[in-house]
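Coordinate inspection notes
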Amino acid sequence: MDNITKKLMQKSESTHKDTIGRAVSLTALALIGIVVVAIFAFVLSRGLSTFFRDGVSVKDFLFGTTWNPSVTNPETNQPYIGALPMIIGSFLVTFLAAIVATPFAIGTSLLMTEIAQKRGAKIMQPIIELLVGIPSVVYGFIGLTVVVPFIRNITGGSGFGILSGTIVLFVMILPTITSMTVDTLKSVPRYYRESALAIGATRWQMIYKVILRSATPGIMTAIVFGMARAFGEALAVQMVIGNAALMPTGLATPASTLTSVLTMGIGNTVMGSLQNDVLWTLAMILLLMSLVFNLIVRAIGRRGAMK
Amino acid sequence: MSKSYRGSIVFTIAAVAVVAALGTAYAMRDKSASNTSITAVGSTALQPLVEAAGEEYAKDNLGTFINVQGGGTGTGLSQVSQGAVDIGNSDVFAEEKDGIDAKALIDHQVAVVGIAPLLNKHNGVKNLTTKQLISIFTGKVTNWKEVGGNDQKIVIINRAAGSGTRATFEQWGLNGAQSTEAQEQDSSGMVRSIVSTTPGAISYAAFGYIDASVVAPKVNGVKPTKQNVVSGKYAIWSYEHVYTKGKPSEPVAKFLNYLTSEKVQSTLVSKLGYISIHDMKISRDVNGQVTRK
């Protein structure tokens, strides 16, 4: 009798395993949470010291157009820390790359899901997966040796600039947008297609009026994800954009992005100096922007959830 | 075989593999910690020399390990000031860098590096005066024909702001004038390849980077050569500094002696494109005062 009570009162082996499993995953979760919070805290504390410790005004930083932190403007007695050229450069390459990549991505994914499923999956799938795996330095190198001379031949000048950056980024974000769009299109229920065809729609009408419409939120999410990748890309862009902290005057003149200025400058500055702090502020802007991209994705997902 | 049984086998194998990997890593770990390890961080221009010398030195002094990393002049100076590393490599005097307490650092000059303007071959210019260089880099002159070259737009390619090479070029090549905002590139190798392929391009790099793909013009009629730097005729050069925080510890001092020894200076230094400090017939202080030795 006692034995049975004991057995009944004791935790079973499965419960025990369950507890361990839960503890392990909670620990992992907490660790990730701590890392994220720590990154934010560190970048914010460094980035904000530009404004609080060095006394730079936020307006001058965000809307100034001259970037030369090691030189002091004799009139205002403030260093030249206008980050607008880089902010505009970053947004320009990001948007342009997304605009160019989207039609290609939608076309490819339609081919893979609607038009030629077998061949599409056999040929396009591996190609797209391959594109994801290529390191960005390779993209940058190809950009430098192929794209830049090509642009130079067409437009004159040096060939470095937003246009070259856009072309390189377009190829880099294409697989991201494509594979996410494929997933979205695949999740459109089969009976949508069947109903459309049953009431006499052609295949193109079905694709255009039914499938693409109902997949729009998912496609938007894919585009925003692609843009987030483009916005944060550093190495490949740095190699082809020319890195001149000038307000972009044309697509084929050297420009710069937040990431390119950051990676070029961080080794040449002394930790804790103003020149170093302003770079951290650029990093802070990048971090906040990636947060914004994430929030946009969530907002799209919530609003456009397929009913 | 039941599922959970298979699971536990997989788990055991994984655990054994992890333990074995850690064990191997531990057995093969870098034992330098138990001996002597010297860490040098900073200037990428000086990195090849310290690296090569460090390897040679470690061969002769078993148990000593010289760990050399790049990161840039700013990183080198700030890390050594904080005491995080033993040696900070720099292209400029510590006094010239903002935010560094230069008094706490001791300067050891280990080499000299000459810097020359680089031109694309098709610019048609063989000589540039300081005045012309200044007007080119400040953007007053925008076509090569204005300085005696071909009808070709000038494309300026700078090194990153704060780079030692750029600081040296602006101080001694442009008499302290600031270059106008233009393209920036991260490394001398990149600069050379862009100059060689871009019509109308001008940049600057250390002598070691001059090759047949680009033109290094005379400056004020003086050829950028080692002899002209040594004799003081050619002004665009800088010391390569190795900084220590306060007096170096004994192993570090020994390595620094090795760096400036005749053996290293006469072989490695010239092989890697630097100029030996022993050859210099002049010396220059932080304020730019030149004295004959």
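To keep things clear, this report deals only with the structure shown in the data block. (Residues numbered from 1 in each chain as written. Chains lettered and ligands numbered in written order. Predicted model: local features only at pLDDT ≥ 70, side-chain atom pairs only at ≥ 80, totals over all residues. Heavy atoms only, no water.)

Within chain B, the regular secondary structure consists of 10 helices and 12 strands. The C-alpha atoms of chain B give a radius of gyration of 24 Å, which is well past the 19 Å a tight globule of 293 residues would have. Each principal axis of the C-alpha atoms in chain B carries an extent, and together these give about 85 × 50 × 35 Å. Counting only residues that meet the buried cut, chain B has 47% of its 293 residues in that class. In chain B, of all internal contacts separated by at least 6 residues, the share reaching a separation of at least 24 is 72%. Put simply, chain B shows about 13,800 Å² of open surface, and 54% of that area lies on carbon and sulfur atoms. Across chain B, the 29 positively charged side chains and the 24 negatively charged ones have centroids separated by 5 Å. (Helix = DSSP H or I, 4+ residues; strand = E, 2+ residues; numbered from the N terminus. Rg over C-alpha atoms; globule rule 2.2 N^0.38 Å. Buried < 20%, exposed > 50% of the residue type's maximum accessible area, 1.4 Å probe, protein only. Contact = heavy atoms within 4.5 Å. Areas by Shrake-Rupley, 256 points an atom, 1.4 Å probe, with all protein chains shown as cover. Lys, Arg positive; Asp, Glu negative; His and termini not counted. Charge placed at Lys NZ, Arg CZ, Asp CG, Glu CD.)

Another aspect to go through is the pattern of salt bridges. If you walk through the whole model with that rule in mind, you get 12 salt bridges over all chains. Between Asp151 of chain B and Lys145 of chain B there is a salt bridge, with the nearest N and O atoms lying 3.9 Å from each other. Considered together, Asp151 of chain B and Lys145 of chain B belong to a single accessibility category, that of exposed residues. Salt bridges sharing partners connect three or more residues here, namely Arg53, Asp54 and Asp277 of chain A. (Salt bridge = Lys/Arg side-chain N within 4 Å of Asp/Glu carboxyl O.)

Right, let's talk about helix 8 (residues 250–259) of chain B for a bit. Residues and elements named next belong to chain B. All of the buried residues in helix 8 are Val252, Phe255, Leu256, Tyr258 and Leu259. Buried positions in helix 8, seen along its axis, are confined to an arc of 155° and lie on one side of it. Along helix 8, exposed side chains directed more than 90 degrees from the buried face belong to Glu250 and Asn257. (Arc of directions from axis to C-beta.)

A separate point is the layout of surface pockets. What the largest pocket holds in volume is close to 850 Å³. Every residue lining the largest pocket is counted, 37 residues in all, and those nearest its centre are Ser70 of chain A together with Lys97, Ala161, Gly162 and Ser163 of chain B. Going through the elements one at a time, strand 1 (67–73), helix 11 (258–265) and helix 12 (274–303) of chain A together with helix 5 (164–173) of chain B are the ones with two or more residues in the lining of the largest pocket. Partitioning the lining of the largest pocket into residue classes produces 14 nonpolar, 16 polar and 7 charged. (1 Å grid on protein atoms, 1.4 Å probe; cavity = no way out; pocket = protein on both sides within 12 Å on 5 of 7 lines; lining within 4 Å. Points joined across faces, edges and corners; volume = space filled by probe spheres on them. Nonpolar A, V, L, I, M, F, W, Y, C, P; charged D, E, K, R; others polar.)

A cluster of nonpolar side chains, contributed by Val137, Val138, Ile142, Val146 and Leu235 of chain A, occupies part of the molecular surface with about 380 Å² of accessible area. Within the secondary structure layout, Val137 of chain A lies in helix 6 (residues 136–155). (Patch = residues over 30% accessible without salt bridge, like charges linked within 9 Å, V, L, I, M, F, W, Y side chains within 5 Å.)

Attention now goes to the nonpolar core. All names here are of chain A. The biggest cluster of nonpolar side chains holds 78 residues, and the ones touching the most others in it are Phe61, Trp67, Met86, Leu258 and Leu282. In terms of residues, this core owes the most to one element, helix 12, which gives 13 residues. Not counting the four nearest positions on each side in its chain, Leu258 is found in contact with Met86, Ile87, Ser90, Phe231, Leu282, Ile285 and Leu286. (Core = buried A, V, L, I, M, F, W, Y, C linked by side-chain atoms within 4.5 Å.)

Below, the discussion takes up the pairing of strand 2 (residues 78–81) of chain A. All names here are of chain A. Pairing between strand 1 and strand 2: 4 bridges, direction antiparallel. What sits directly across from Thr72, in strand 2, is Pro79. Count of turn residues in the strand 1/strand 2 antiparallel hairpin: 4 residues, of which Asn77 carries a positive phi of about 60°. (Pairing = 2+ DSSP bridges.)

Residue and element names in this part refer to chain A. Within the secondary structure, Thr259 is located in helix 11. Look at Thr259 and you get buried, because its relative accessible area is 5%. Residues in contact with Thr259, not counting those within four places in the same chain, are Phe231, Gly232, Glu233, Ala234 and Leu286.

The figure often quoted for interface size is the accessible area lost as the parts come together. Taken together, the 25 residues of chain A in the interface contact 28 residues of chain B. Summed over both partners, the interface of chain A with chain B buries about 1,900 Å², with 52% contributed by carbon and sulfur atoms. Area buried by chain A at its contact with chain B is led by Met264, Asn268 and Val270 of chain A, which between them contribute 29% of it. Counting across the interface, chain A meets chain B through 0 salt bridges. Between chain A and chain B we count 9 residue pairs in polar contact (both at pLDDT 80 or more) in total. (Buried area = accessible area lost by both parts, 1.4 Å probe. Polar contact = N/O pair within 3.5 Å; in protein donor to acceptor, adjacent residues only side chain to side chain.)

With a phi angle near 55°, Asn243 of chain A is a residue other than glycine that sits in the positive phi range. With respect to the secondary-structure elements, Asn243 of chain A resides in the loop between helix 10 (235–241) and helix 11.

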